[in-house]
Amino acid sequence: QVQLVESGGGLVQAGGSLRLSCIASGRASQRTFSSYVMSWFRQAPGKEREFVAGISQSSSSTVYVDSVKGRFTISRDNAKNTVALQMNSLKPEDTAVYYCAAGGLLFSSSVKPSYWGQGTQVTVSS
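As the structure is a prediction and not an experimental result, all values here were calculated from the model.

Criteria and cut-off values
- Residues numbered from 1 in each chain as written.
- Predicted model: local features only at pLDDT ≥ 70, side-chain atom pairs only at ≥ 80, totals over all residues.
- Heavy atoms only, no water.
- Buried < 20%, exposed > 50% of the residue type's maximum accessible area, 1.4 Å probe, protein only.
- Helix = DSSP H or I, 4+ residues; strand = E, 2+ residues; numbered from the N terminus.
- Pairing = 2+ DSSP bridges.
- Salt bridge = Lys/Arg side-chain N within 4 Å of Asp/Glu carboxyl O.

Undergrad: Tell me about the pairing of strand 7 (residues 72-77), and please be specific about residues and values.
TA: Here strand 7 shows a buried face lined by F72, I74 and R76 and an unburied face lined by T73, S75 and D77. Of the strand pairs in this sheet, strand 7 and strand 8 (residues 82-87) are connected by six bridges, and their pairing is antiparallel. The residue bridging F72 from the neighbouring strand is M87, located in strand 8. Hairpin remark: strand 7 followed by strand 8, antiparallel, with four residues in the connecting loop; positive phi at N81, about 55°.

Undergrad: Tell me about the pattern of salt bridges, and please be specific about residues and values.
TA: Counted under the stated rule, the structure contains three salt bridges. E50 is the partner of R42 in a salt bridge, and the nearest nitrogen-oxygen pair spans 2.9 Å. Given the relative accessible area of 29%, E50 is considered partly exposed. What emerges from the salt-bridge pattern is a single network uniting R42, E50, R71 and D94.

In structure tokens form, the structure reads like this:
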């Protein structure tokens, strides 16, 4: 089992920035982390979970939902089993619980991640 733990969420004013981090742990996590596509999803109250950003195993490719492109940046450090999401120019509509996820395919939304974190709350005030 791979355990994913997010951190860095909080309350921020519109236009501000936050950096979310996710660390993988558990049995064989160091051995297998580099083999997973890593992604960030978010879910606002009353809405379905939405893909936000993804990054390939070697960091050679990244994908973003249109609404965050140019504002958010995903990165990973395979040596430390971590993935991060730098969020700039935050808007109230970015308010959601953000989830770290491991697995799936970067360019195929029909293939879902295998592991999920517990989520971290991001609230953007007007």
